[in-house]
Structure formats: structure tokens, C-alpha cells
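Inside the fold
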Amino acid sequence: MQNLHLAPDNDDEDLYSGYDYQDNLLDDLEDDQGLQQAIKTSYGQRPALPLAPGIGPPGTGFRMGTGRLVTGFVPESGQNRPMTSVKGAGYTSAGRKLFDPLNQSSAAAAGGADKGGAGSTALLETKQEDGLEEVIKQLEKKVNLLLEESAIANCNGKLQVALDKAKEAGRKERLLCKQRDQASLNEQINLDLTYSVLFNLANQYHANKMYSEALNTYLLIVKNKMFTNGGRLRVNMGNIYFEQKKYPQAVKMYRMALDQIQNVHKDVRLQILQNIGAVFVRMGQYSDAMTSYEHIISEKPSVKAAFNLILCYHAIGDREKLKRGFQRLLKVQEHGEDDEDRYYQTVDDDQQQRLLIEVIKDDELRKIENERRKKAEYFILTSAKLISPVIEVTFAAGFDWCIECVKGSQYPELASELEMAKALTYLRQKDFAKAVETLKGFEKKDSKMAATASTNLSFLYFLEGDWKQAEKYADLAMSTDRYNPYALVNKGNCLFSNGQLEKARDYYQEALSIESTCTEALHNLALCHKRMGQLPEALDHFTKLHSIIRNSPHVIYQIADIYDKLEDYDQSAEWFMQLISLVPTDPTVLQRLGDMYEDSDKSQAFQYYLESYRYCPSNIDVISWLGAYYMDSQYADKAIQFFERASLIQPKEINWRLMVASCYRKTGNYPQAFQTYKQAHQQFPDNIECLKFLVRLCTDLGLKDAQEYIQKLKKAEKARETKQQVVASYVQYT
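Residues numbered from 1 in each chain as written. Predicted model: local features only at pLDDT ≥ 70, side-chain atom pairs only at ≥ 80, totals over all residues. Heavy atoms only, no water.

What follows deals with the overall build of the chain. Across its full length, the chain holds 33 helices and zero strands. A burial count over the chain gives 36% of its 734 residues as buried. In the chain, the proportion of contacts linking residues at least 24 apart, taken out of those at least 6 apart, comes to 47%. (Helix = DSSP H or I, 4+ residues; strand = E, 2+ residues; numbered from the N terminus. Buried < 20%, exposed > 50% of the residue type's maximum accessible area, 1.4 Å probe, protein only. Contact = heavy atoms within 4.5 Å.)

Structure (C-alpha cells):
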């Protein structure tokens, strides 16, 4: 501290006093140990200032303006040397610090020390805020992300979510344009993004059946001249009008789109013409539709256009054009060159060629070829079935003409399927003999068609009740193709009809093991279990069938009936209620519901019986129940009409006439009751009960005919006793 020179305590001292005073201060610098130690510090190693010759560098910090000397205090623990108490010049005894409220500099220093640093603290630079261009860039990314999410949601069937995402993308895109306009970045406006946002929004409106909003959005694109290809979207507008059945507007939009598409885009123009033809078909303008389809076929033939052209020819009833159209359809090669040999190996193929063939047998291109060929075959078969009854006098002659054309085309294998269709047409016309004759012609053909024909023949004979022939052809079909589930079902049906339930069950189960979705086998297996008394198994199979075939009245009835047999009446009633929602006019189901409510709710049972009688007024059981209900309810006059109807349905049953007479008697109409009994006696003179009522009425009414009926009653009773004795003696003798 001896070398520390403090400022004087006298505040009144003139700061500038002694400014010109010179003292030989430099003489003792070499002996000043504090100064020499300070020179060795980092502060003292600063570059020396250039001085006049003969004068050495000063050892202290010289401050201009005050003439005051800075001390040569040795700093401790690496801190800056303390200044004097004069703070007006901006000095302080503590070192300068950056504004660091989170103490990030010390954390960085600690991290640097951990990494082997020298312990020096690295000052963190403050992070500047993102600029406006960066904000715009991030907003554009959000818009693109929303577009992708909207498209994905639409593909997943979440249409409302897709629409919400599309609307959000639209709002973000408008905000993006506004910010670019404020930043004077109009040259950076992304028209493709705007187009994509509007187009996606219109698509989502269309998917959600919001047609007016979709059309307005499409108009924003179409009328904007900045979108060069916006006119093509009139096709989408035409599709919307087509769904709304506004066909003239749809045609207008399609034609406007066609005018704006150049001839180089040939495929697009042909697709629009296809749409125009479809609209004309819906409008019934077949001649205009024919013009569109004929132009398409002349430019680029396709099976779809050829098929639609055949439909138009069929609508106008032109036989010759139908034939030409069918022949033109057979010449179309939309699925590519028919070179099936390239998918099969030969003896001459080397190992590499064989591997290549194995690869391309099931590749994606091969699948596309198969799909196109199946599509073409479907159109050909459908066209043949459509035009066969029209192009010739009889449908058989029409099928024969189509079969001959197919045999000479690139689809010769379809001839057998047309033969099968011909046999099925005979079946629809109830001409079983011709159908059997046609199907028997397949016995000498390829195994696949022979198995199909045998299966159909077995089914035909089964319908005719010829179990032996049905079983014969079922065995033939199974011998040709053991894995044919329908042949196994036919075999099981034959055994079921013959009472061999266990064997039939085995065949049904085998058919299900081959094809688990064979509903015929599953249904017949459930019936087999029900016939065998295995109700839980039958219920299980019918429930499974119900999950496959929803809302089938027959299946639901079987389930309800099994629950009824299992005495689970609540479940049975629930299934019957479900059934009545499908067939509300079925009198049998209404009667079953009435039977179920008879013990618990008589009035509800009456409603179901009355509904059943309304839909089927000839059911004796329902009529007798309604008549008895009115009799029990003391409404005998209303019961008369039901018993009279029963007597008309069963005129040989005397009980209905007796019930009618009893109703008259209970209502107090004794003369009418007497006349009814008298008419019943005339038709059934030996009926003892009728004679007893006649005797009672004549006695009560004081009629003279009482003695006559008494005599007849005695004779009838005596005749009955004699008959009973004869029967008893006969039984004893035998």
C-alpha cells in the first residue's frame, strides 16, 4: 500500500491546479516494485504508444485532461485494477459486465472449462429476431403442410377434416399474400400456391356435397387470367352439374373446357368427349351421344367407348349397327398385345430367362394387363347378353351369332361362358329341357366349364326333385374339381333331402373350409344343426351369416325362431321387432309377435293380430283368435264378422256357424240366432250340439218346432250310441 497514491480528501482543491507543474517522476520508476509488477500483468502488456525520442514508455495509465495518475495496484483473482474514486469519467472499481439476467455467460464458461478451455468466458451474442422474409417463408411452409394434411384426410375418408384443413390453408395463404404486400415483396407472390389452395378447397367442397361453394371457388380460378390453365377446371364444374342432374349446364362446361384444350392433348380431349357422351345418354339424346363415341373410337378405340356406343345402338333399336358395334368391340386391343407365351417357360430358356419369367409373372405390369383384360371380357359378355335377344328372331339365335363372332376374335375362351349364359337364359324362361340340353354339351369340354355345367345341372335336378340325378351330377362336379364349394353344397343338399343330416353337415363344413364366405354352405349348415336339434350351434352359424349378409329377413327370422325355441323370449321379441322393421307387412311375423305378447300384454297382442289380419284376412288361426278376443271382451257383435269369414273359408266346418249363432244369442238377437242354427242343421242334420241349441231356443221362444227338434235330437243321440258300440266291438275284435 506504500505505493498507492490516493486522491486528496479536500474537495475544494482546484482540479486543474499544478497543471503546468513538472516533477522528475520518471527517475524512480525503475525502483517502483508495484509498478514493475503491474507491468507484468495483462494490462501492462498492451502495445506501447509512440512517444518523443528520449522518453520511455510510461508505466502508469496516463489520463489526459486531469493530470491524475492511475495507481499500479496488483489485481487479485483476475479482476480489473480498481480506478480512482472519480466516477464522472465512466470508471468504476468493478469490472464491466454485459447484461445477462439468465447467467448464460457463466454457463458457457463452465461448459468451456469442461472441454479443457483456458477458463476464459465466451460471451454469447444476442439472437436477433427473425426478419419479415423468414416469417413469410415459415408461413408458406405451414400452408403447404395444411394442403398435404387436407389431401391425406380426404384419401382416408375424413371429408370434414379435409375441408377444415383446406379452409385453414386458404386463410393462411391470404395472410401470406397480405404480408408480402406490406413488405413490398409482390414479385415473390407464389401463384402456384394460390392455385393449389383454391383448387384443393374446391375439391373438398365437392367431396362434402357443397356444390354451390365448390362452383364459386372454381369460378375464382377460371376467371383469374393469371392462372394460365384454369380453364381446364370447367371439366370439374361440369362434373358437379352432372351430379346435380343439370345436364345442359354440364354439356356447356364440358364444351367450354374442350375449346380451351389444345389438340396436342389428345387423351384429355377424348376423356372430355366421353363425359359429353355420357351426359347426352342421360338426356336421351342418343344420336348426339353416338356422334361423340364414334369420334372417340375413330381417334383412339377403347372398350368403354365401344360398349357405350352399343348401348346407344340398343336404345334406338338398330340391329345392323348393334352387330357392327359388337364386332368393333371385339377388335379393340386396349389391354395390349396378346402375348401370353412370354409368361411361360420353355425348354430352350436359360437360367436367366427363367428367372426373368418368374419375376414378371406377378409384377405390377402383369396385374394391370389382367385387370384390363378382365374389364374387356366383362364388357364383351355384357354386350352379348344385351344384344342377343334383339339382333335375331330368338335369343338362342342371337347367342349363337355372338358365340361365332367371339370364337374368331382374340377372346375365344369367352365362347364357353356365352354358352353358359345361354343355358341360364333358358332357365329364366322356365325352359328346363333346353337348359339341361345346353349344359350337357359341356361334359366333353374343358374341365373348368365341365365342372360349372355339372354344378348347374345338379342344381336343376334338385329343383325338379330328382335327387338321384342331382346327386349324380354333384359327384361328377366334385370328381372334376374337388375344391368346388358349390358342388359340395349340392351334394350336401341331396343328402339333406334324403335325411342323412350328419353326412350333409360334413359336406357343408368341407365347403366352408374351402371358401369361408360361401353363404349357401353356412346357411344350409345352420339349418342342418337346427334340424338335428343342435340349437346353440345353429344359432352360432346364423349369427355369423347375419354378420356377412346384413338385413336378410330370412336369416333374422331363423335367429328369432331359435331364440323362441330356446325360451329366450326377450331376445326373440327383439329379433322379431328388427325383422318387422324390414318386412312390416309380413302377416306371419305379426302373428308370431302376437303369440309372444298374448300372456303378458293382451292389448299389444291384439294389435299385432289385427295387423296380421289386415294383411292376410284368410288366416284361420288369426281369425279365430280375434273372434275369441272379442267374445272374451263382451263384444259379440264385433266377433260375428270374423266367424262369418271363417265359415266362408271353411264351409264344411260347422263350428264357425255355431259361433256365429252364439254371437247373435249373446247380443239378444234370438230370431237371427234361430235362423243361423236352422241353416246349420240343414247342412249338418246329424250334429247333436246344433239340435240342442235349436231345442233350447224353440223352448225359450215358445215355437211349435220344439217337439220336432226334440225327436231329431233323440234319433241323433241314439245313432251316435249305436255307432260308438259298433266301433267298440270292432276294436275289441281286432
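What follows is about the pattern of salt bridges. Evaluated as defined, the whole model comprises 22 salt bridges. For the salt bridge of K491 with E471, the shortest nitrogen-to-oxygen distance reads 2.7 Å. Placement of K491 in helix α20 (residues 485-497) and of E471 in helix α19 (residues 467-480) is noted, with a sequence separation of 20 residues between them. Overall, K491 belongs to the buried group, its relative accessible area being 7%. (Salt bridge = Lys/Arg side-chain N within 4 Å of Asp/Glu carboxyl O.)

Counting across every chain of the model gives 22 aromatic pairs. In this arrangement the basic side chain of K638 is found over the ring face of Y635, its NZ or CZ atom lying 5.2 Å from the centre. (Phe/Tyr/Trp six-rings, centres within 6.5 Å; stacked < 30°, edge-to-face > 60°. Lys NZ or Arg CZ within 6 Å of the ring centre and 35° of its normal.)

Quick look at the packing of helix α12 (residues 319-331) against helix α14 (residues 364-391) now. The N-to-C vectors of α12 and α14 enclose an angle of 160°; their axes lie 11 Å apart at closest approach. One way to sum up the angle between α12 and α14 is to call them roughly antiparallel. Helix-helix and strand crossings are classified by hand; for α12 and α14 the assignment is left-handed. Along the contact surface, α12 presents R319, L322, K323, F326, L329 and L330, while α14 presents F379, I380, S383, A384, I387, V390 and I391. (Axes fitted to C-alpha atoms, helices over the stretch in contact; angles between N-to-C directions. Parallel < 35°, antiparallel > 145°, perpendicular 65-115°, else oblique. Left-handed = near helix turned anticlockwise from the far one by under 90°.)

The next point concerns unusual backbone geometry. Across the chain, the bulk of peptide bonds are trans and the bulk of non-glycine residues have phi less than zero. Of note in this structure, K245 is not a glycine but carries a positive phi near 65°. As for its position among the elements, K245 is in the loop between α7 (234-243) and α8 (247-259). Judged by its relative accessible area of 62%, K245 is exposed. Although it is not a glycine, Q634 adopts a positive phi angle of roughly 65°. Within the secondary structure layout, Q634 lies in the loop between α28 (620-632) and α29 (636-649).

Between the first and last C-alpha of α14 there are 40 Å, a value that for 28 residues agrees with the 40 Å anticipated at 1.5 Å per step. Along α14, the helix axis deviates most sharply at K385, where the bend reaches about 25°; the proline P389 sits within four residues downstream. (Expected span 1.5 Å × (residues − 1). Bend = angle between axes of the 7 residues up to and from the residue.)

Before going further, it helps to examine the packing of helix α27 (residues 602-615) against α28. Put simply, α27 and α28 touch, their axes get as near as 10 Å, and they point 135° apart. Considering the angle they form, α27 stands oblique to α28. The interaxial crossing formed by α27 with α28 has left-handed handedness. For the pair α27 and α28, the contacting residues are K602, A605, F606, Y609, L610, S612 and Y613 in the first and V622, I623, W625, L626, Y629 and Y630 in the second. Here the contact of α27 with α28 is built from residues that sort into eleven nonpolar, one polar and one charged. (Nonpolar A, V, L, I, M, F, W, Y, C, P; charged D, E, K, R; others polar.)

This part takes up helix α6 (residues 211-222). Its twelve residues give α6 an end-to-end C-alpha distance of 16 Å, which sits within 8% of 16 Å, the value for a rise of 1.5 Å per residue. Of the residues making up α6, those classed as buried are Y211, A214, L215, T217, Y218, I221 and V222. Axial view of α6: buried residues confined to an arc of 165°, hence all on one face. Contact partners of the buried residues in α6: α5 (191-207) and α7. (Arc of directions from axis to C-beta.)

Along the polypeptide, Q578 turns up in helix α25 (residues 569-582). Expressed as a C-alpha distance, the spacing of Q578 and P553, which sit 25 residues apart in the sequence, is 9.1 Å. Not counting residues within four places of it along the chain, the set of residues in contact with Q578 comprises H546 and I556.

The next point concerns the side chain of S150. With respect to the secondary-structure elements, S150 resides in helix α3 (residues 132-155). When sequence neighbours within four positions are dropped, the list of residues in contact with S150 reads A162, K165, A166, N200 and Q204.

This paragraph deals with the side chain of N208. As for its position among the elements, N208 is in the loop between α5 and α6. Within the structure, the side chain of N208 is placed 3.2 Å from the backbone oxygen of L159, a separation counted as a polar contact. Not counting the four nearest positions on each side in its chain, N208 is found in contact with L159, Q160 and L163. (Polar contact = N/O pair within 3.5 Å; in protein donor to acceptor, adjacent residues only side chain to side chain.)

Attention now moves to a nonpolar patch on the surface. On the surface, a nonpolar cluster with roughly 240 Å² of combined accessible area is contributed by Y670, L701 and L703. Following the sequence through the fold, Y670 ends up in helix α31 (residues 670-683). On the basis of relative accessible area, Y670 is assigned to the partly exposed category, the value being 38%. (Patch = residues over 30% accessible without salt bridge, like charges linked within 9 Å, V, L, I, M, F, W, Y side chains within 5 Å. Areas by Shrake-Rupley, 256 points an atom, 1.4 Å probe, with all protein chains shown as cover.)

With that settled, consider the nonpolar core. The biggest cluster of nonpolar side chains holds 86 residues, and the ones touching the most others in it are I272, F326, I380, C402, L418 and L439. When residues no more than four places from it in sequence are discounted, the contact partners of L418 are L381, A384, F399, C402, I403 and V406. Counting residues in each nonpolar core, the second largest holds 41 residues, with Y613, V622, W625 and V695 among its members. (Core = buried A, V, L, I, M, F, W, Y, C linked by side-chain atoms within 4.5 Å.)

Looking at where N216 falls in the secondary structure, it is placed in helix α6. Among the residues examined, N216 registers a relative accessible area of 48% and is labelled partly exposed. Each C-alpha atom, one on N216 and one on M237, is 9.6 Å from the other, the two residues being 21 residues apart in sequence.

Another point: the confidence of the model for the chain. A residue-level look at the chain finds 78% of positions with pLDDT of 70 or above and a mean pLDDT of 80. Counting contacts from residues 42-81, a segment whose pLDDT is below 50, to residues more than four positions away or on other chains yields 41 contacts. Across residues 107-129, where pLDDT falls below 50, the model places eight contacts with residues more than four positions away in sequence or in other chains. (pLDDT = per-residue confidence, 0-100.)

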